[in-house]
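As a plain string of letters, each chain reads:
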Amino acid sequence: MRLGFLVDLSRCMGCMACAVSCKAENDVPLHSWRLRVKYIDQGEFPEVKRHFVPLRCNHCENAPCERICPVSALHYLPNGIVNVDHNRCIGCASCMMACPYNAIYIDPITNSADKCTYCAHRIEVGMMPACVVACPTHANIFGDLDDPESEISKYLKEHKDVMVRKPELNTKPKHFYVRGSTVALDPLASERPEGYTLFTEVKFLDHIGGH
Amino acid sequence: MLGAEVTFDVALPKVVWGWLVSTNMWAKSIATGTFLLGLYFIKKYPEKDTFFRKWIPILGLIFIGITLLVTVLDLHHMFRFWKIFLFAHFTSAVTLGAWVVSGFVIVLLISFWSWITGNKKLFDRVMIPGFVLAFFSTIYTAGIMGEATARELWVFPAEMIQMLLSAALAGSATYLLIMALYKVEMEEVKRELGYILIGSAFLSGAMYLGEILFARMHSEFSHRAVEILTFGELAPMFWLGIFLTFVIPIVMVGIANENKRYEYTLLGSISALVGLWLVKHSWLLAPQMLPLS
Amino acid sequence: MIKASRRDFLKGVAASIGGVALAKGVFEKVEADNKIANNQELTFEPKHLDYYPPFEKWNDWKEPAGDYWKIHGGALRDGVKLINYMIVPTVCNNCEAACGLTAWIDKDTLTVKKFMGNPFHSGSRGRNCAKGYAALSQMYDPDRIPFPLKRAPGSKRGENKWVRTTWEEALETIGKRMREVLLKGDEISKKQIIYHVGRPNENGFHVRRVVWSWGVDGRNSHTNICSSNGRFGNIVTVGDDRTSPDFANSRLILLVSSHAADAGHYYQQHAGYIADARAKGAKLVVIDPRMSNSAGMADLWIPAWPGTEAAINLAMISRLVKEEKFNKKFVERWFNWKEFISDKEYLSFLKEKGFLTEVPQGNSFDDFVAVLKDLYKDYTFEWAANEAKIPVSMLDKLYEMILWAGDRITQYHWRAVAAGNRGGWMGAGRTGTMLMAFMGAIGGVGGTGWYKWHTISLGDKGGDACMAADPEPVKAWNELEWPPEWPMSAYELSYLLPHLLVDDEWRNRWKEKGLKIPDKVEVWFSRIYNPVWINPDGFRWVETLKDENKFGLTVYMSPNWAETAFYCDYILPMGLAGERHDQHSEPTKPEKWTGFRQPVLRVALQKMGWKPNDPAKATLEAHKKVGLGEIWEEDEFFINLAFAIDPDGSLGIRKYWESKQNPGKPVTIEEYYNAAFSKLPKLKETCQQLGITPYEYMRDRGAWTEATDVYNVHEKPLPYDPEKRAYQYDGKWIPESEIKVENDTVYHVEEGGKKHKIGIVKDGKFINGFKTPSGHIEFYSKTLKEWKWPEYAIPIYPRNAEERKSMIHIVSQVHHDYMKEENAFVLNPIYRLPYLIHTRSINSKWLMEIGQNHNPLWIYEKDAKRLGIKRGDAVRVRVVDTLTGIETGYFVAMAMPTQATRPGVVACSHHNGRWRLVNEVKVDGFKHELGVMRMGSVLVDIQQKGNQFFMRTKEGVKPFKSWQFPEFNKDTEQIWWKGTTGVFQNAVFPANPDPLSGMQCWHKKVLIEKAGPEDKIGDVFVDINKTWEVYKAWRDQLTRPNYQPGGLRRPKWMPRPWFPIDDEYWKFPSA
Ligand SMILES: Nc1nc2c(c(=O)[nH]1)N[C@H]1C(S)=C(S)[C@@H](COP(=O)(O)OP(=O)(O)OC[C@H]3O[C@@H](n4cnc5c(=O)[nH]c(N)nc54)[C@H](O)[C@@H]3O)O[C@H]1N2
Ligand SMILES: Nc1nc2c(c(=O)[nH]1)N[C@H]1C(S)=C(S)[C@@H](COP(=O)(O)OP(=O)(O)OC[C@H]3O[C@@H](n4cnc5c(=O)[nH]c(N)nc54)[C@H](O)[C@@H]3O)O[C@H]1N2
Ligand code: SF4
Ligand code: SF4
Ligand code: SF4
Ligand code: SF4
Ligand code: SF4
Ligand SMILES: [Mo]
């Protein structure tokens, strides 16, 4: 079993239901996000577009985070999920340096690394991840990539414009995007000015290593 | 203007590894550099080995101590440090580093004992494993940087060479500094140390230049990181570092060696050590200034 | 600069996935055990993945908890703790979409661990938006009000000194005061108790039954600040107040709103259907001066100048008519063109006005088409593009799409043009619906149906469980709610309450004409309504609320603090979405579904065998038992209040709330809602088969769909029963003998001669038709003509500056004609953020983390540049009324240059800019301080000099440690946002009622300048004398009060909502 995720960006409306349901499901504290939704405005009036892109861990098949973790706190489950062990984690933040997708953070309450687990605990009882259930537009599609009958496998087969983030790093993400765009998926294809924007204060957190 | 702008995002971590990590690398360069150069001089000038047999353990222990201290301090779970030995994950350069450094510490302790007791043989016996451990202690960080896939600026073999050059530079500078402070009269050694310093500074500087120039080809990420380093918010620190590490020492130590005015080495080596920290630090920060997703 | 290789590679990756198994990573290392320690039911590799557990397991569902897993779910875990869940359904309360929710209750701790959707809810399909999931954070809000509060004796309103009180005391005091008023029994007293409600999100219980049973005309709303203009155009056109589009099957989704991604009624449900339609190839067009998220993902964004939408709609109609590409069959069958074409007097009037060149002789359909061509000839694309200040090419594209979509066009009119602009009703429901109607996109698959087709309103039908069913029609007409200046207003002029109360001049003017208008409200309930903040002229509200001679006893019913609460006498902590009962149904699709909102912990307790001491107070008892606090719900509160008002039944109120099963005792929720849900025939039948009661069905599943595929209701015959020899109308059987046909209209003639239209005759059959007087789609509204607005009786718009002056009533107050100064802009203060709900999200840490109390001023980049304004600059926004030229004040906002708003139009969201008067409230005898709106407001200082108010931010949002629900709120110390970039803009806005509908016209002309050194973001300055002058000018210069001695106060076919008013009081007292 290889569990994978797919977001159809032509359906995503940036509502953040996924992001909030994830907080509720996984007790993700303020200040941190296992899943975030980014908005990008592109173009000049009146030819302007707004892109929405939910970003979470890719559960890479060749995961740099798993590789660099000195204590195997990051480990694979048999279903392909890259899981975190909060008790084992020593908080070295190496995984944060290694993950090319900003998917990991140090949980301010547990002080351990944390990230999306594809809701591994729900999988155990045969339930879809919280954010998949949440999505009002059914932009989130989840399932077994090894099973040709799964919705995700069919979706992947039917769509030609499948993308992953930073494929050149050879991390082999198991998180796909359909009808995406470079602007949405490449962080360097847009500016991320620090400070206040139309919607929020966009900022970087202060130095978070050490004490 | 790229014509596209993020209008909604959450707060993202910026600097994950900060001054504690730069200090780690810097102190480790001194510890391993002094060790490796020390071995070289002991071998080359066996008649003058007392100096090195004394300072190898002292410098090594002090600076590896600093290294370990900042490493542990940087952990969010300081008191889980031991897990790295119990749950060792050997694909991780962090794990390898921890093991190798631990070995190196043992060698340093032996060398310390050897110096205290005057039992030279003891040290001689661990020289070869010591050499290997010091060598790997120096380069494992490059491994970590290489494994830090996200930070495309750091490329493995280049970082490894930089680590070795830093060790040479830091080691020679530290010895020159000690010699200047304690007014040690070993002209040949000094000259040679001076040339090592100049050489490693030159090579290291040239490599940085090369990396900066070729970053663009490596990936857009590293190109942008280098832009921040060279023209952006990190530029003052980086260029000051470059100046202090490479320009001043080359000039000062050059003058010293040419004109036998060894008092100049004092300034040159201090400058090199300070500069090295700045360069390491800015190089560490640069790829952390960019959003990864 | 961007390397090509990566992008190309992105495309290539498609090939490497799918069936091809990827090689395992070189460094891969699998540590975890495949079988999950000591639990057989758990598996890493489940056979299938479900969205929800099977219903049979809802009472006992075991699932690992995310928070537990996070800490213990690692590689070496020795078993995973499972939560014993009971899944109890309820309905979201965060917007009117009424999506289903399920509360996942940990039976061991009796806490709700999470809210998810409800798969039985056919409207929401088990899905929710961010605000739905955030219900949990609202429930366990660190600043939640834990028990009833009462203004401290001796303190003044607004001083924020509070004492703890009990529900019993509150019931007694309020009940006694109401009794005193009701005992007076005169007409005035029936206008002095007001239940004022924002968005109750329920169908009928309170807004109808509660107030009605008191016998007062005291139901006031918030509708005029929300949607009167949105409703009015549709009421005039089809007799229903909102479209019910079949988005999912539509081909062209033409939004003058932001339903696809931001907001709107039925937000996430509609967004889901729109996404479905787009996946099938539908096109999305959004008309909006601001680039909403919907506009940002649309196929075409038309950034029209605010208030010019009618021009666009008419230009489309003009072209359709000219090219004869409209749906002739539909138009001929369903427009009331006969009425129009035969009213030669009216046609001559149009000719006089210069809209018609010629009055036709004949009365045929062809004559009608000829008139249309003549009437609309000047509305060319070029003209409309000029009026809307957009490229003509956009109109060409839109026209193409309209032709392509045919009768599958959908629209939803609510706010946008309607809420922003004077005469916005013309641009919304009037011309918008007409455009769809011309294409025949009314009623069918992929077209637009109507509210009444698709909703189930049962709330008050539970009255059957009470000793007495329906009360008598109310014997009063409350001018404080329906002032005579706005006879046709869609809903109450709610935001004018303080203005009307303090205006003796106005009162006397009408007194002379025989009206009896009180100068004081004795008891005022504010429920789910925060008028000080969300209405215009907030300081007028503050001033009047503070005056005990104007507002006697004031009761704020809310789970959390709010600006209005500071100025009230009681704050009664009511239950949230999962803590109260309501029947709730909405027209979100061509179906009829209803949901049941419930106090989920009470339901869980009862299912586990718990019994309340007092069955009429079960919700309160349950909430106390589980440690939620002394939280009650409105249903039980009002039932008990009826007993407190009328303890011996002498006032005749009690009987409406006395249980039939247990006479003398209050009706219980179970009885009441069982009676209500039993009214649904299909549900009842299903329940009989299942052997359960309708109440139990709804309690366990939370939602029911009574009918699917409800299309073309206007074409449906009235149900006929040959045995009864009767037709069915509105649930009642009407004997054939009482039915009369006149002019192809079917009437029910009651005993005594009263007649109601119940249908129309077409093809010899009695069919429903539309709810208009003609039963047709009223191209021509005789009502408007008769009620003094003849020039607007057909879809129309002024063609030039001169006409705009004479037709000012349907010209936006922010028309570009008025923008003369260099720095003059339109301020668009009306748009929703998808993750916030007016003032209803301050109690959610998750939503506040996103919202941050940040509402910058969006300004087009080039405009900003021209004025030298940069990102983050403070700007002073001076509000100027265009009717009077009066400047009412200013606010200081943070400027945000962007490409996402059109030139000349700035935008500022109303969700943020919240404020508090104190950080904490100390209550004697309680060990903790009660936190006040700490997560998303600023602490302010308000200085008053006579009529002038100045507000300044003192402090923003700071991290804190929560004593309430400490485990859930362990992260409030992580609060990182500052909250200091918001501004309370509504305070500077005068009341600007639309002369016809009564809608607050929200858009404002503003003058923008860079802030001076003395200005700070968040500053607000307003002179409420000036706002007063503006209000008076709008009232006196623009309205046409239809004072007719002995005449009606309002067209009879536009009923007073919710409960009947006695015929006698529909009339003006004779002079
Ligand atoms: N997320 C969320 N959803 C909600 C609510 C909420 O608070 N949050 N509130 C609910 C309530 S009470 C209501 S009434 C509905 C309202 O929902 P909608 O009817 O969609 O109304 P708004 O969000 O006010 O405005 C929609 C769009 O109209 C644009 N607009 C403003 N002025 C004009 C104009 O003059 N012309 C045109 N063409 N467009 C204009 C705005 O920029 C905005 O993008 O939403 C409901 N749903
Ligand atoms: N500038 C500007 N102003 C606007 C708008 C705009 O677009 N722009 N929109 C207008 C519109 S469309 C509307 S509908 C109004 C909405 O304004 P309101 O009708 O006032 O609605 P809310 O702000 O949602 O809720 C009001 C209060 O209800 C209380 N409350 C919250 N949840 C509950 C609950 O579960 N039970 C009870 N009993 N009370 C609760 C809280 O105290 C909250 O402050 O705002 C209007 N104001
Ligand atoms: S819930 Fe769905 S539509 Fe909403 S932001 Fe997430 S992926 Fe997009
Ligand atoms: S996305 Fe990042 S955190 Fe997730 S598996 Fe890949 S490298 Fe690890
Ligand atoms: S922070 Fe924790 S999970 Fe991440 S690499 Fe270090 S030990 Fe592993
Ligand atoms: S799969 Fe679960 S953990 Fe991952 S983003 Fe979705 S809800 Fe969060
Ligand atoms: S759309 Fe409205 S009712 Fe539905 S989940 Fe969102 S806030 Fe709740
Ligand atoms: Mo509203």
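Residues numbered from 1 in each chain as written. Chains lettered and ligands numbered in written order. Predicted model: local features only at pLDDT ≥ 70, side-chain atom pairs only at ≥ 80, totals over all residues. Heavy atoms only, no water.

Colleague: I would appreciate a short explanation of the overall build of chain B in the present structure.
Modeller: Of regular secondary structure, chain B possesses 10 helices and two strands. Helices (α) and strands (β) of chain B occur, in sequence order from the N terminus, as β-β-α-α-α-α-α-α-α-α-α-α. A compact globule built from 293 residues would reach a C-alpha radius of gyration of about 19 Å, and chain B, at 20 Å, matches this within 12%. If you line up chain B on its principal axes, its C-alpha atoms span 70 × 50 × 25 Å. Of all 293 residues assigned to chain B, the portion counted as buried reaches 63%. Counted over contacts in chain B with a minimum sequence separation of 6, partners at least 24 positions apart contribute 79%. In the form shown here, chain B has an accessible surface area of approximately 11300 Å², with 75% of it arising from carbon and sulfur atoms. (Helix = DSSP H or I, 4+ residues; strand = E, 2+ residues; numbered from the N terminus. Rg over C-alpha atoms; globule rule 2.2 N^0.38 Å. Buried < 20%, exposed > 50% of the residue type's maximum accessible area, 1.4 Å probe, protein only. Contact = heavy atoms within 4.5 Å. Areas by Shrake-Rupley, 256 points an atom, 1.4 Å probe, with all protein chains shown as cover.)

Colleague: Sorry if this is basic, but what is going on with the pairing of strand 2 (residues 82-91) of chain C here?
Modeller: Remark: a regular strand shows side chains that alternate across the two faces of the sheet. Residues and elements named next belong to chain C. Most of strand 2 is tucked away: nine of the 10 residues are buried. Examined bridge by bridge, strand 1 (residues 61-64) and strand 2 share four bridges and lie antiparallel to one another. The partner of K62 across the bridge, within strand 2, is N84. As paired strands, strand 2 and strand 3 (residues 100-106) are joined by seven bridges and run antiparallel to one another. Its bridge partner lying in strand 3, P89 is registered against T102. (Pairing = 2+ DSSP bridges.)

Colleague: How do you make sense of the sheet that holds strand 10 (residues 175-178) of chain A when you look at a structure like this?
Modeller: Two strands in a sheet stick together by hydrogen bonds in their backbones, pointing the same way (parallel) or opposite ways (antiparallel). Residue and element names in this part refer to chain A. In space, the four strands of this open sheet follow the order 8-1-10-9, with mixed pairing throughout. The two strands at the open ends of the sheet, each matched to only one other strand, are strand 8 (140-144) and strand 9 (162-163). In terms of strand pairing, strand 1 (residues 3-8) meets strand 10 through four bridges, oriented parallel. The partner of V7 across the bridge, within strand 10, is Y177. Helix-sheet contacts for helix 6 (residues 151-158) involve strand 1, strand 8, strand 9 and strand 10, and the interaxial angle to strand 8 is about 110 degrees. (Axes fitted to C-alpha atoms, helices over the stretch in contact; angles between N-to-C directions.)

Colleague: Could you clarify how one ought to interpret empty space enclosed by the protein in this entry?
Modeller: Over the atoms, a rolling probe the size of a water molecule traces out where space has been left empty. All names here are of chain B. Reported here for the second largest cavity is a volume of approximately 400 Å³. Around the second largest cavity sit 27 residues that line it, and N24, T71, V94, Y140 and I144 are the ones nearest its centre. Mapped onto the lining of the second largest cavity, the elements with two or more residues apiece are helix 1 (19-44), helix 2 (49-73), helix 3 (83-86), helix 4 (93-117) and helix 5 (120-147). For the lining of the second largest cavity, the leading source of residues is helix 4, giving five residues. Among the residues making up the lining of the second largest cavity, the classes are represented as 19 nonpolar, seven polar and one charged. (1 Å grid on protein atoms, 1.4 Å probe; cavity = no way out; pocket = protein on both sides within 12 Å on 5 of 7 lines; lining within 4 Å. Points joined across faces, edges and corners; volume = space filled by probe spheres on them. Nonpolar A, V, L, I, M, F, W, Y, C, P; charged D, E, K, R; others polar.)

Colleague: What is the right way to read the packing of aromatic side chains from this model?
Modeller: Remark: the centre distance and the inter-plane angle together describe each pair of aromatic rings, the angle taken between the planes. Residues and elements named next belong to chain C. According to the stated counting rule, one finds 103 aromatic pairs over all chains in the structure shown. Considering the side-chain rings of W383 and Y797, the 6.2 Å spacing of their centres and the 70 degrees angle between planes classify their relative orientation as edge-to-face. Here W383 is found in helix 16 (residues 381-388), whereas its partner Y797 is found in the loop between helix 31 (782-786) and helix 32 (801-806), with 414 residues between them in sequence. Of the two residues examined, W383 and Y797, each falls in the buried class. Arranged with centres 6.1 Å apart and planes meeting at 75 degrees, the rings of F989 and W1002 form a pair that is edge-to-face. (Phe/Tyr/Trp six-rings, centres within 6.5 Å; stacked < 30°, edge-to-face > 60°.)

Colleague: How should I be thinking about the site of ligand 6 in this particular structure?
Modeller: All names here are of chain A. Residues in contact with ligand 6, as listed here, are C22, N26, R34, L35, R56, C116, T117, Y118, C119, P129, A130 and C131. Where the shell around ligand 6 is concerned, the elements lending two or more residues are helix 1 (17-26) and helix 5 (130-134). Of the residues contributing to the shell around ligand 6, the split by class is eight nonpolar, two polar and two charged. (Near = heavy atom within 4 Å.)

Colleague: Even after reading the chapter, I still don't get the site of ligand 1, so can you show me in this structure?
Modeller: All names here are of chain C. Taken together, 36 residues sit near ligand 1, with D288, R290, E309, L836 and H1003 positioned nearest. A class-by-class count of the residues in the shell around ligand 1 yields 15 nonpolar, 12 polar and nine charged. Of the domains in this structure, domain 3 (247-442 + 780-792) and domain 5 (819-1038) are the two that each give at least three residues to the shell around ligand 1. (Domains from an automatic or database assignment.)

Colleague: Any chance you could explain the packing of helix 11 (residues 309-322) of chain C against helix 17 (residues 392-405) of chain C here in plain terms?
Modeller: Each pair of packed helices gets described by two things: the angle between the helix axes and the distance between those axes. Residue and element names in this part refer to chain C. Between helix 11 and helix 17, the shortest axis-to-axis distance is 11 Å and the interhelical angle comes to 60 degrees. Compared by their axis directions, helix 11 and helix 17 come out oblique. As for how helix 11 packs across helix 17, the hand of that crossing is right-handed. Between helix 11, through I312, M316, R319 and L320, and helix 17, the contact on the second element is made entirely by L395, L398, Y399, I402 and L403. Considered class by class, the residues forming the contact of helix 11 with helix 17 number eight nonpolar, no polar and one charged. (Parallel < 35°, antiparallel > 145°, perpendicular 65-115°, else oblique. Left-handed = near helix turned anticlockwise from the far one by under 90°.)

Colleague: How should the pattern of salt bridges be read in this particular structure?
Modeller: If the charged atoms of two oppositely charged side chains come close together, the side chains can form a pair. Residues and elements named next belong to chain C. Scanning the entire structure with this criterion turns up 106 salt bridges over all chains. Here R597 and D582 are joined by a salt bridge, their closest N and O atoms 2.7 Å apart. Highlighted residues: R597 in strand 19 (residues 592-597) and D582 in strand 18 (residues 582-584), separated in sequence by 15 residues. A relative accessible area of 0% means that R597 is categorised as buried. Judged by relative accessible area, which is 0%, D582 ranks as buried. Ionic contacts of the salt-bridge type, sharing partners, join the residues E187, K191, E479, K516 and R1049 into one network. (Salt bridge = Lys/Arg side-chain N within 4 Å of Asp/Glu carboxyl O.)

Colleague: Would you mind showing me how to read the interface of chain A and chain C here?
Modeller: A common measure of how large an interface is: the accessible area buried when the components associate. Taken together, the contact between chain A and chain C spans 98 residues of the former and 114 residues of the latter. Between chain A and chain C lies a buried interface of about 9200 Å² when both sides are counted; carbon and sulfur atoms form 61% of it. The three residues of chain A that bury the most area against chain C are L30, F45 and E124 of chain A, which together make up 10% of that side's buried surface. At the boundary of chain A with chain C, the tally comes to seven salt bridges. Among the salt bridges present, the one from D276 of chain C reaches R11 of chain A, with a minimum N-O distance of 3.3 Å. At the junction of chain A and chain C, the tally comes to 29 residue pairs in polar contact (both at pLDDT 80 or more). For the side of chain A that touches chain C, the element with the most residues is helix 1 of chain A, which contributes seven residues. A per-class count over the side of chain A that touches chain C returns 48 nonpolar, 23 polar and 27 charged. (Buried area = accessible area lost by both parts, 1.4 Å probe. Polar contact = N/O pair within 3.5 Å; in protein donor to acceptor, adjacent residues only side chain to side chain.)

Colleague: What should I look at first to understand the layout of surface pockets in this one?
Modeller: Size it by volume and the second largest pocket reaches roughly 630 Å³. If you trace the second largest pocket, you find 37 residues lining it, with D67, T111, V112, K113 and F968 of chain C closest to the centre. Elements that contribute at least two residues to the lining of the second largest pocket include exactly helix 1 of chain A together with helix 2 (66-72), strand 2, strand 4 (111-117) and helix 33 (845-851) of chain C. Classifying every residue of the lining of the second largest pocket gives 19 nonpolar, five polar and 13 charged.

Colleague: Can you walk me through helix 11 of chain C in this structure?
Modeller: An α-helical turn contains 3.6 residues, so any two residues separated by three or four positions project in the same direction. All names here are of chain C. The end-to-end C-alpha distance of helix 11, which contains 14 residues, comes to 20 Å, matching closely the 20 Å that a straight helix rising 1.5 Å per residue would cover. Most of helix 11 sits inside the fold, with 12 of its 14 residues counted as buried. Residue E324 follows helix 11 closely and has a positive phi angle near 50 degrees. (Expected span 1.5 Å × (residues − 1).)

Colleague: Please explain the pairing of strand 1 of chain A as it appears in this structure.
Modeller: Residue and element names in this part refer to chain A. Within strand 1, six of the six residues are buried, leaving the element largely enclosed by the surrounding structure. Residue alternation in strand 1 divides its side chains into two sets, L3, F5 and V7 and G4, L6 and D8, and both sets are buried. Two strands pair when backbone bridges link them, and strand 1 and strand 8 are joined in this way by five bridges, in the antiparallel orientation. Its bridge partner being in strand 8, L6 is matched across the sheet by I141.

Colleague: Just checking my understanding: could you explain the sheet that holds strand 27 (residues 765-767) of chain C for this structure?
Modeller: All names here are of chain C. Taken together, four strands build an open sheet; the order of strands is 24-25-26-27 and the sheet is antiparallel. Every other strand in the sheet has two partners, leaving strand 24 (739-742) and strand 27 as the edge strands with one partner each. For this sheet, the mean inter-axis angle between neighbouring strands, taken without regard to orientation, is 40 degrees. Summarising the sheet, strand 26 (residues 755-762) and strand 27 pair through three bridges and their orientation is antiparallel. Bridging from a neighbouring strand, I760 pairs with I767 of strand 27.

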